[in-house]
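# Overview (structure and organization)
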Amino acid sequence: MTSQIQNRRKSLLEAQHDLESQVETRTLELKKRGEELEKAVKHLSEIDASRARFLADISHELRTPLTILRGQSEVTLRASHNDPERLRQALTLVARKAEQMGLLVDDILFLARSEAGTFIVKLDPVVLQDVVTDVLFDSQRVSICLKQPAEPIIIKGDESRLRQALLIPLDNAIRLTPAGTEIDVEISVDSERAIFVVTDEGSGFTPEEAKRAFVRFFQGSASRGRAGRNTGLGLSIAHWIIEQHGGTIHIECLPNKGASVRIELPLLKEFIA
Amino acid sequence: MSRRLLIVEDDAEIADFLNVGLSAEGYQVEVVHDGQDLIARVQYGGFQFVILDRMLPDAEGADLCRRLRANGSKALILMLTARDALDEKLAGLRTGADDYMTKPFAFEELLAKLIKNVRGFGYTMASAKS
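Residues numbered from 1 in each chain as written. Chains lettered and ligands numbered in written order. Predicted model: local features only at pLDDT ≥ 70, side-chain atom pairs only at ≥ 80, totals over all residues. Heavy atoms only, no water.

### So, helix α1 (residues 12-24) of chain B
Residue and element names in this part refer to chain B. This is how it is decided: Here a strand is any run of E in DSSP of at least two residues, a helix any run of H or I of at least four, and the numbering for each starts at the N terminus. Every helix has an expected span of 1.5 Å times one less than the residues it contains. Only protein chains enter the accessibility calculation, which uses a 1.4 Å probe; a residue is then buried when its area is under 20% of its type maximum, exposed when over 50%, and partly exposed in between. Any pair of nitrogen or oxygen atoms within 3.5 Å is treated as a polar contact; in protein, a donor-acceptor pairing is required on top of that, and neighbouring residues in sequence qualify only through side-chain atoms on both sides.
Taking 1.5 Å of rise per residue, 13 residues should cover 18 Å, and α1 covers 18 Å from first to last C-alpha, within 8% of that figure. Along α1, the residues that are buried comprise E13, I14, A15, F17, L18, G21 and L22. The backbone nitrogen of E13 has a side-chain oxygen 3.0 Å away, supplied by the residue at the start of α1, namely D11. Note on α1: the residue one or two positions beyond its end, G26, has a positive phi of about 95 degrees.

Now the structure itself:
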């Protein structure tokens, strides 16, 4: 009888121990799930905050050219009936601002579509030198010194997007380089990657600015107020495109002023010796 | 009474149309593009009106406004901003600005606000225009 009771107690204790251990395991699991959920919520809130910030920035960036369009038109309408030169200047400014707003809207839409995942980057074999030749053809106004190997460098890429991405640092270099100064473009290759480097002698970035260059709407002090495509979104767009190609983009500040933008893209596997 | 007006705006094209439009209305306009020496400039420049951009490259317009008031400036300060959130406006007004305009704005409204706030200051429209 006593032994039966003892056996019962023993099995009850074992069952209790087993139950406790199960509860402990479940509690740990629940805690882990809770932590995962917390992490996911935090991540989503960060995305949400980043979107809200982007929207606020868009609103801010559109308001400035709109203020000029509206103010310039209204002031001109009030005052310039007898001054054709003033009228011409005002209309020129209005046309230029409207064009800049158009570029800004294009860039905003590009980034919005890239975030929404509706952009399809089609990756086909592309000869890097051909893309660069096209890009340089579009920028033939300035003196560019091009160094490239004679052998074709083949990467996997979306040709039109690559052209867009490579044109951005080149456009920036042209905008910030004093007249009569050369811009260096160098294409090279290492064992796995194609390397495209644009170097200019312009006013460039400060090291602090270089760190923030890929932040949307960030503009270096030298870039503000310059003519040309200057939406503050170019390098963010280039960054996204290069990332879609499995590549990297970096900015280096040069000690004797100027900046160097380095883009590395993976070579087509079949092409790697 | 003179109508000396200082525009503090880093965007040269915005400052330009404000300058042209307000000069045509009889204001004696000066333009600066940053907040450097602003307190002394307003104090010794005899400005009754300051149009102050909220975001300058070297300073916060709100901070400058607060310092102008702390320094005893009685100038009529109209703050411009490219952000339209209510708390932005309230924060701007709390720094001592007389009024606040969100970009883009109607030029006529800016003129009306200058006149309205001058009235609030105890001047008459005639004295403001003289």
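### Notes on the sheet that holds strand β2 (residues 144-147) of chain A
What holds strands together in a sheet is hydrogen bonding between their backbones, with the strands either parallel or antiparallel. Residue and element names in this part refer to chain A. Filter applied, for reference: Only strands that DSSP links by at least two bridges are regarded as paired with each other. Here the axes come from fitting lines to C-alpha atoms, over the contacting stretch only for helices, and the angles between their N-to-C directions go from 0 to 180 degrees.
Reading across the sheet, the 5 strands line up as β2-β4-β5-β7-β6 and stay open at both edges, with mixed pairing between neighbours. The strands lining the two open edges of the sheet, one partner per strand, are β2 and β6 (248-253). Strand-to-strand twist of the sheet, defined as the mean angle between neighbouring strand axes without regard to direction, takes the value 15 degrees. Looking at chain direction, β2 and strand β4 (residues 183-189) are connected through 4 bridges and run parallel.

### Focus: the interface of chain A and chain B
We apply this condition: Pairs of residues are marked as contacts when any of their non-hydrogen atoms sit within 4.5 Å. Buried area, as used here, totals the accessible surface that two parts lose on assembly, with accessibility defined by a 1.4 Å probe and the loss added over both. Salt bridges are defined as contacts in which a side-chain nitrogen from Lys or Arg sits within 4 Å of a carboxyl oxygen from Asp or Glu.
Contacts between the two partners involve 18 residues from chain A, matched on the other side by 20 residues from chain B. For the pair chain A and chain B, the summed buried area comes to about 1800 Å², and 57% of that belongs to carbon and sulfur atoms. If you sort the residues of chain A by the area they bury against chain B, R63, T67 and R78 of chain A come out on top, with a joint share of 34%. For the interface between chain A and chain B, the tally reads 4 salt bridges. The partner of R78 of chain A in a salt bridge is E25 of chain B, with the nearest N and O atoms 2.6 Å apart. For the pair chain A and chain B, the interface holds 7 residue pairs in polar contact (both at pLDDT 80 or more). Those elements giving two or more residues to the side of chain A that touches chain B turn out to be α1 (2-79) and α2 (84-116) of chain A. Ranked by the residues each element gives to the side of chain A that touches chain B, the list is headed by α1 of chain A, at 14 residues.

### Quick look at the confidence of the model for chain B
Operational definition: Values of pLDDT, ranging from 0 to 100, describe the predictor's confidence in every residue of the model.
Taken over all residues, the pLDDT of chain B has a mean of 85, while the share at 70 or more is 89%. Taken together, the stretch residues 122-130 of chain B has pLDDT below 50 and engages in 11 contacts with residues farther than four places along the chain or on a different chain.

### Details of the nonpolar core
Operational definition: Side-chain atoms within 4.5 Å are what join buried Ala, Val, Leu, Ile, Met, Phe, Trp, Tyr and Cys residues into a set we call a nonpolar core.
One finds L128, V132, I155, L166, L170, F196 and I263 of chain A to be the most contacted residues of the largest nonpolar core, which totals 48 residues. Counting residues per element, this core draws most heavily on helix α4 (residues 159-176) of chain A, which supplies 8 residues. Here L166 of chain A is in contact with L128, V131, V132, V135, F196 and I263 of chain A, once residues within four sequence places are set aside. By size, the runner-up hydrophobic cluster in this structure holds 24 residues, among which are I68 and V75 of chain A together with M101 and F107 of chain B.

### Some details on the environment of Q100 of chain A
Turning to its location among the elements, Q100 of chain A is positioned in helix α2. Each C-alpha atom of the pair Q100 of chain A and I144 of chain A lies 25 Å from the other, and the pair is 44 residues apart in sequence.

### Some details on a nonpolar patch on the surface
Condition: Exposure above 30% relative accessible area and the lack of any salt bridge qualify a residue for a patch; like charges then connect within 9 Å, and the nonpolar side chains Val, Leu, Ile, Met, Phe, Trp and Tyr within 5 Å. Here the Shrake-Rupley method, with its probe set to 1.4 Å, supplies the accessible areas, and only the displayed protein chains count as covering residues.
Taken together, L86, L90 and L93 of chain B make up a surface patch of nonpolar side chains, about 260 Å² in accessible area. The partly exposed category is assigned to L93 of chain B, whose relative accessible area is 37%.

### Overview of unusual backbone geometry
All names here are of chain B. Of the consecutive residues K103 and P104, the connecting peptide bond is found in the cis state with omega at -5 degrees. Summarising the element assignment, P104 is placed in the loop between β5 (99-102) and α5 (107-120). You will see that D37, though not glycine, has its phi angle at about 55 degrees, which is positive. Turning to its location among the elements, D37 is positioned in the loop between β2 (28-32) and α2 (38-45). On the basis of relative accessibility, which here comes to 52%, the residue D37 falls in the exposed class.

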